[in-house]
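Spelled out from the first residue to the last, the chains are:
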Amino acid sequence: MNLFSFFILLKYRILACDWKALTILKGINSANSQFFCLWCYCQKSQICDFSIPSWDIKRSSKDQAHELRNGSRRGYIKSDLLPFIDYKNIVPDDLHLRIRISLKLFNQIVTWAIDQKNEERLEVEMKRIGVSFHFWEEQGDDKSNASVKKWSQPSGDDLKFIITKTQLRNIIDDRQDRHLVNVASLSVVQLRDELRNMGLDCKGKKAELVSRLEQTLGRGVKVRAKARSRLQVNFQFHDCDDDKDNRPTLDVDGLQELWIEFDDLMEALRALPQTEKYMESNEFHLKAKAWASKFRKLTFDEDVTPYIHTMVYHVPYFLKRFGFIHDIGVSQVERKNYDHRQAYFGSTNRSGGKVKKKVSLQILQRENRMLYIAREKLLREKRSYKKVSHVIPYSQWIDRISN
Ligand SMILES: [Zn+2]
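Calculation rules
Residues numbered from 1 in each chain as written. Predicted model: local features only at pLDDT ≥ 70, side-chain atom pairs only at ≥ 80, totals over all residues. Heavy atoms only, no water. Helix = DSSP H or I, 4+ residues; strand = E, 2+ residues; numbered from the N terminus. Buried < 20%, exposed > 50% of the residue type's maximum accessible area, 1.4 Å probe, protein only. Contact = heavy atoms within 4.5 Å. Areas by Shrake-Rupley, 256 points an atom, 1.4 Å probe, with all protein chains shown as cover. Salt bridge = Lys/Arg side-chain N within 4 Å of Asp/Glu carboxyl O. Donors = N, O, S within 2.8 Å, 3.2 Å for Na, K, Ca; no water. Tetrahedral: all angles 85-135°; square planar, octahedral: opposite > 155°, others 65-115°. Axes fitted to C-alpha atoms, helices over the stretch in contact; angles between N-to-C directions. Parallel < 35°, antiparallel > 145°, perpendicular 65-115°, else oblique. Nonpolar A, V, L, I, M, F, W, Y, C, P; charged D, E, K, R; others polar. Phe/Tyr/Trp six-rings, centres within 6.5 Å; stacked < 30°, edge-to-face > 60°. Lys NZ or Arg CZ within 6 Å of the ring centre and 35° of its normal.

1. Notes on the overall build of the protein chain
Okay, so step 1: What the protein chain contains, in helices and strands, is 16 helices and five strands.
Okay, so step 2: Looking at the protein chain residue by residue over its 403 residues, the buried ones come to 41%.
Okay, so step 3: Of the contacts formed within the protein chain by residues at least 6 apart in sequence, a portion of 63% connects residues at least 24 apart.
Okay, so step 4: Of the roughly 24,700 Å² of accessible surface on the protein chain, 52% is carried by carbon and sulfur atoms.

Written out as structure tokens, the structure is:
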């Protein structure tokens, strides 16, 4: 929540901020719950179904009071802190929309790069486009003490760069990932684990274990070795007969197109009406819907997030109503927050030093000075530099301690 949101809120009774703050303010359950949406009653099981023509804004303060009284809920968990703001006046914030979905797309690529053992190629590509990125390993907190691979999460500016500049072919390949292995290549411990999980007898020598597992799963079935990546997809067995074995699992060109089309959609939200990149609400709805269906086809249903649902079903409503929603967002305030954070670390004494001046005051005064300089178009005169030696000559030091 921020000051800008409150400003619009008081004047026009419109609210815009990030998802989590909205759930707290409006008393709605979190984004991973059954009734996740802030605007409609779409359920988790329906989030992937983009054949549904529309989801109208159905939430209301009246419904909320009624549901809370009767205990049926539908995602309402607390009373509304801002009952004077209608659900139809909560505008999705395009900055968070872009960042959250971009991050999802990027993390998918990182996971595939790990699966294909292409981490180095990913790091080289990030370096090529000028984005700071690295992997590191951390000890997991489970009993096996296995190390977990982690990676840096890019900032909003970097994400925009990644989505538009990355050449996915430089990072991943179309081929099947190397984690698919024959049942026979599993270790005895792994074989026993799998058999135990399936409720089968796990005693005997390796050959017996292999044949028992193959009898249950069918011949030619391959096993996905457990990778240690954080976002590993959760299935273990693949039906792979020999014909299908060489079939590509990833459509890298398709994914590249998906990234470009996503950027087009986000740029449309930032473009002013009657400009080249601008899209009318209906056009935006259709393109977003086609994009989301393609996203499902090329990636995973589990990765369809509430933000994608919002982009397809609720952003068009606000586009139609306001024409342009980029102004009714928090990007300006987020930018200021970012600048102030930079100023805190770079241009204040962080509550230390001899002069005890409030840090917030220092930041505001600095900003004031910069605004004054910009308005008056002043040029900075370079100060002359005079080297000061902090080393006290030995003779002076002796004098000081003897006095
Ligand atoms: Zn919805």
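2. Quick look at the pattern of salt bridges
Okay, so step 1: Enumeration over the complete set of coordinates arrives at 22 salt bridges.
Okay, so step 2: Salt-bridge contacts for Arg74 lead to Asp63; the nearest nitrogen and oxygen are separated by 3.8 Å. One end of the pair, Arg74, is in the loop between helix H3 (61–70) and helix H4 (94–115); the other, Asp63, is in helix H3, and eleven residues separate them in sequence.
Okay, so step 3: Here Lys160 makes a salt bridge to Asp263, at a shortest N to O gap of 3.5 Å. A residue pair is termed long-range when its members are at least 10 positions apart, and Lys160 in helix H6 (residues 156–165) and Asp263 in helix H10 (residues 252–270) qualify at 103 residues.
Okay, so step 4: What makes Lys160 partly exposed here is its relative accessible area of 26%.
Okay, so step 5: Classification of Asp263 by relative accessible area gives buried; the value is 15%.
Okay, so step 6: One connected set of salt bridges, linked through shared partners, spans Asp63, Glu67 and Arg74.

3. Examining the coordination of the zinc ion
Okay, so step 1: Coordination of the zinc ion by the protein comes from Cys37 (SG), Cys40 (SG), His309 (NE2) and His314 (NE2), over a distance range of 2.0 to 2.2 Å.
Okay, so step 2: Coordination at the zinc ion is tetrahedral, judged from the four donor atoms that bind it and the angles of 105 to 118° they form at the metal.
Okay, so step 3: Binding-site remark: the zinc ion is held by donors from one chain whose sequence spacing is C-x2-C-x268-H-x4-H. Of this pair, Cys37 sits in the loop between helix H2 (19–26) and H3 while His314 sits in the loop between helix H12 (306–313) and helix H13 (315–322), and the two are 277 residues apart along the sequence.
Okay, so step 4: When its relative accessible area of 0% is taken as the criterion, Cys37 is described as buried.
Okay, so step 5: Residue classification places His314 among the buried residues on the basis of a relative accessible area of 0%.

4. Re the packing of H6 against H10
Okay, so step 1: It is at 8 Å that the axes of H6 and H10 come closest, and there the two elements cross at 130°. With respect to H10, the axis of H6 lies oblique. Residue-level contacts link Lys160, Ile162, Ile163 and Thr164 of H6 to Trp259, Phe262, Asp263 and Glu267 of H10.
Okay, so step 2: Taken together, the residues that form the contact of H6 with H10 break down as four nonpolar, one polar and three charged.

5. Some thoughts on the environment of Met198
Okay, so step 1: Here Met198 shows up in the loop between helix H7 (188–197) and helix H8 (206–217).
Okay, so step 2: Remark: the alpha-carbon pair of Met198 and Thr216, spanning 18 residues in sequence, is separated by 9.4 Å.

6. Some thoughts on the packing of aromatic side chains
Okay, so step 1: The full count for this structure, using the stated rule, is 14 aromatic pairs.
Okay, so step 2: Relative to Tyr313, the ring of Phe50 has its centre 6.3 Å away and its plane inclined at 10°; by these criteria the two rings are stacked. With Phe50 in the loop between H2 and H3 and Tyr313 in helix H12, the pair connects residues that are 263 residues apart, well separated along the chain. Pair check on accessibility: Phe50 and Tyr313 agree, each one buried.
Okay, so step 3: Put simply, the rings of Trp19, Trp39, Tyr307, Tyr317, Phe318 and Phe322 touch in pairs and so form one group of aromatic residues.
Okay, so step 4: In this structure, Lys26 packs its charged tip against the face of Tyr87, placed 4.6 Å from the ring centre.

7. Focus on the environment of Leu186
Okay, so step 1: By the element assignment, Leu186 lies in the loop between strand S3 (180–182) and H7.
Okay, so step 2: A residue is classified by how much of its surface remains accessible, and Leu186, at 5% relative accessible area, is buried.
Okay, so step 3: The spacing of Leu186 and Lys206 is 20 residues in sequence and 9.3 Å in space, taken between C-alpha atoms.

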